[in-house]
Amino acid sequence: GQAGIVARGGRSYFDGIALTSWFRDAFDRPDRSWEVSGGSWLVDEGALHQGGGGAGRYLALKGDPGERYEFSASLKWRDNESVASTAGIVAASGGTGELLLAGFDHTIWPFGRFWVRHIGGDGAVAREISVETPRGFLYDVFHTVRVIRQGDGFTFFLDGREIVAARFPIGPSRAGLYTEGVQAGFDDVSLKALGVPADLL
């Protein structure tokens, strides 16, 4: 259908009208709209699974590059193939090759961490932030990772709780999913562009 505006019974004024980009994937049918790099991504049992082996970093990206958006995904571990393993969401800057990875690792409590890693265009870690995962954190159930991006300001949430807020100087980026050294399933993935800048003071 089409989106629009309507007025009845009087004079109305409209301004600043925009149809922002968005998507929501529940993976209830095969989906070929994701651009994948490495791994073995397939839709099965209502989730998008990355089942590729090895300790590599595998990405699945969707949508147009942007600097103001809200993106979220639910994920759970399927298998842990490496001690150094994480999975979560990513902001990938196509122009510079930079990545901003945000997700959690698979380590017995109290050593589990939620990580935010800024990977430079040269592939080296430019900046890294880690926070403890909550007590009793389980890996075989879905957890939701969400980010609100406003320019270079990023606020990350884990299961609805704000967990990291920081600034990272990366250009327009595409949102997506990633795994490192683990097989994981993703569900209920959504993105909406934000049209009005937020006050980050």
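To start, this report covers the structure provided alongside it. Quick caveat: nothing in here was measured; it's all calculated off a predicted structure. All residue numbers refer to positions counted from 1 along the written sequence of the respective chain. Side-chain atom pairs in this predicted model are given and counted only at pLDDT of 80 or more, local residue features only at pLDDT of at least 70, and totals for whole chains, interfaces and linings cover all residues. Here the side-chain values reflect all heavy atoms present in the structure, with hydrogen atoms and water set aside.

### Looking at the side chain of Thr86
For step 1, the next point in the chain: Structurally, Thr86 can be placed in strand S7 (residues 86-92).
For step 2, the next point in the chain: Assessed through its relative accessible area of 4%, Thr86 is described here as buried.
For step 3, the next point in the chain: We define a polar contact as two N or O atoms separated by no more than 3.5 Å, with the added condition that, inside protein, one atom must be a possible hydrogen donor and the other a possible acceptor, whereas residues neighbouring each other in sequence contribute only through side-chain atom pairs. Within the structure, the side chain of Thr86 is placed 3.3 Å from the side chain of Tyr178, a separation counted as a polar contact.
For step 4, the next point in the chain: Between two residues, a contact is recorded if the distance between any of their heavy atoms is within 4.5 Å. Excluding residues within four positions of it along the chain, Thr86 makes contact with Trp77, Phe104, Asp105, Trp115, Arg117, Tyr178, Thr179, Glu180 and Val182. By definition, any uninterrupted DSSP run of H or I lasting at least four residues is a helix, any uninterrupted run of E lasting at least two residues is a strand, and each is numbered from the N terminus. Any residue under 20% of the maximum accessible area for its type is buried, any over 50% is exposed, and the rest in between are partly exposed; the area is computed with a 1.4 Å probe on protein chains only.

### Quick notes on the packing of aromatic side chains
To describe a pair of aromatic rings, one takes the distance between the centres and the angle between the planes.
For step 1, the next point in the chain: Side-chain rings of Phe, Tyr and Trp, where Trp is taken by its six-membered ring, are said to pair if the distance between their centres is within 6.5 Å; with planes under 30 degrees apart they count as stacked, over 60 as edge-to-face, and otherwise as tilted. Taken as a whole, this structure holds eleven aromatic pairs when the rule is applied.
For step 2, the next point in the chain: Ring centres of Phe27 and Trp34 lie 6.3 Å apart, and the angle between their planes is 40 degrees; on these two criteria the pair is classed as tilted. The exposure classification of Phe27 matches that of Trp34, with both residues buried.
For step 3, the next point in the chain: Look at Trp77 and Tyr139: their rings are 5.7 Å apart centre to centre, the planes differ by 65 degrees, and that puts the pair in the edge-to-face class. Taken as a pair, Trp77 in strand S6 (residues 68-80) and Tyr139 in the loop between strand S10 (125-132) and strand S11 (143-150) lie far apart in primary sequence, 62 residues in all. For the pair shown, Trp77 and Tyr139 are each scored as buried.
For step 4, the next point in the chain: Joined through ring pairs, the aromatic side chains of Phe23, Phe27, Trp34 and Phe71 make up one cluster.
For step 5, the next point in the chain: A cation sits over an aromatic face here: Arg117 above Trp115, 4.2 Å from the ring centre.
For step 6, the next point in the chain: Whether a charge lies above a ring is judged from NZ of Lys or CZ of Arg, which has to be within 6 Å of the ring centre and within 35 degrees of the ring normal. We note Arg127 situated over the ring of Phe168; from NZ or CZ to the ring centre the distance is 4.9 Å.

### Brief notes about empty space enclosed by the protein
For step 1, the next point in the chain: Only protein atoms enter the 1 Å grid used here, on which a cavity is any set of points holding a 1.4 Å probe that cannot leave and a pocket is any open set flanked by protein within 12 Å on both sides along at least five of seven lines; residues with an atom within 4 Å of a point are listed as lining. Grid points are joined across faces, edges and corners, and a volume is the space filled by probe spheres set on the points. Overall, the coordinates contain one cavity of 30 Å³ or more when judged by the stated rule.
For step 2, the next point in the chain: Quantified by volume, the largest cavity comes out at close to 50 Å³.
For step 3, the next point in the chain: Along the walls of the largest cavity sit Tyr69, Phe71, Ile89, Val90, Ala91, Leu100, Val147, Phe154, Phe156 and Ala175, which together make up its complete lining.
For step 4, the next point in the chain: Broken down by secondary-structure element, the contributors of at least two residues to the lining of the largest cavity are S6, S7 and strand S12 (153-158).
For step 5, the next point in the chain: Broken down by element, the lining of the largest cavity gets its largest block of residues, three residues, from S7.
For step 6, the next point in the chain: Along the lines of polarity and charge, the residues of the lining of the largest cavity split into ten nonpolar, no polar and no charged. In this classification, Asp, Glu, Lys and Arg are treated as charged, Ala, Val, Leu, Ile, Met, Phe, Trp, Tyr, Cys and Pro as nonpolar, and every other residue, Gly included, as polar.

### Comments concerning the pattern of salt bridges
Charged atoms that come close allow side chains of opposite charge to pair.
For step 1, the next point in the chain: The term salt bridge refers to a side-chain nitrogen of Lys or Arg lying within 4 Å of a carboxyl oxygen of Asp or Glu. The tally for this structure, following the rule as stated, stands at ten salt bridges.
For step 2, the next point in the chain: For Asp152, the salt bridge goes to Arg167, with nearest N and O atoms at 2.7 Å. Remark: Arg167 occurs in strand S13 (residues 161-167) and Asp152 occurs in the loop between S11 and S12; sequence separation between them is 15 residues.
For step 3, the next point in the chain: Taking relative accessible area as the criterion, Arg167 reaches 44% and is therefore assigned partly exposed.
For step 4, the next point in the chain: Three or more residues joined by partner-sharing salt bridges are found here, namely Glu70, Arg146 and Lys192.

### What to know about a nonpolar patch on the surface
For step 1, the next point in the chain: Only residues whose relative accessible area exceeds 30% and that form no salt bridge are eligible for patches; like-charged ones are grouped when within 9 Å, while nonpolar side chains (Val, Leu, Ile, Met, Phe, Trp, Tyr) are grouped when within 5 Å. The method behind every accessible area is Shrake-Rupley, applied with a 1.4 Å probe, and residues are considered shielded solely by the protein chains displayed. A cluster of nonpolar side chains, namely Ile5, Phe14 and Ile17, defines an oily patch on the protein surface of about 320 Å² accessible area.
For step 2, the next point in the chain: In this structure, Ile17 sits in the segment before strand S1 (22-25).

### What about the pairing of strand S14 (residues 173-180)?
For step 1, the next point in the chain: Within S14, eight of the eight residues are buried, which leaves it mostly tucked inside the rest of the structure.
For step 2, the next point in the chain: Both faces of S14 are covered, namely the face carrying Ser173, Ala175, Leu177 and Thr179 and the face carrying Arg174, Gly176, Tyr178 and Glu180.
For step 3, the next point in the chain: Note: two strands are recorded as paired if DSSP finds a minimum of 2 bridges between them. Direction of pairing for strand S5 (residues 57-66) relative to S14: antiparallel, over a ladder of seven bridges. Along S14, the bridge assignment pairs Leu61 with Gly176.
For step 4, the next point in the chain: Here S7 runs beside S14; their pairing, made up of seven bridges, is antiparallel. Note that in S14 the partner of Ile89 across the bridge is Leu177.

### Points about the nonpolar core
For step 1, the next point in the chain: Phe71, Phe104, Phe114, Val116, Phe156, Leu177 and Val189 are the most contacted members of the largest nonpolar core, which totals 40 residues.
For step 2, the next point in the chain: Ignoring sequence-local partners within four residues, the contact set of Phe71 consists of Phe23, Ile89, Val145, Arg146, Val147, Ala175, Gly176, Leu177, Val189, Ser190 and Leu191.
For step 3, the next point in the chain: Membership of the second largest hydrophobic core comes to eight residues, among which are Leu61, Val90, Leu99 and Tyr178. We define a nonpolar core as any set of buried Ala, Val, Leu, Ile, Met, Phe, Trp, Tyr and Cys residues linked to one another through side-chain atoms lying within 4.5 Å.

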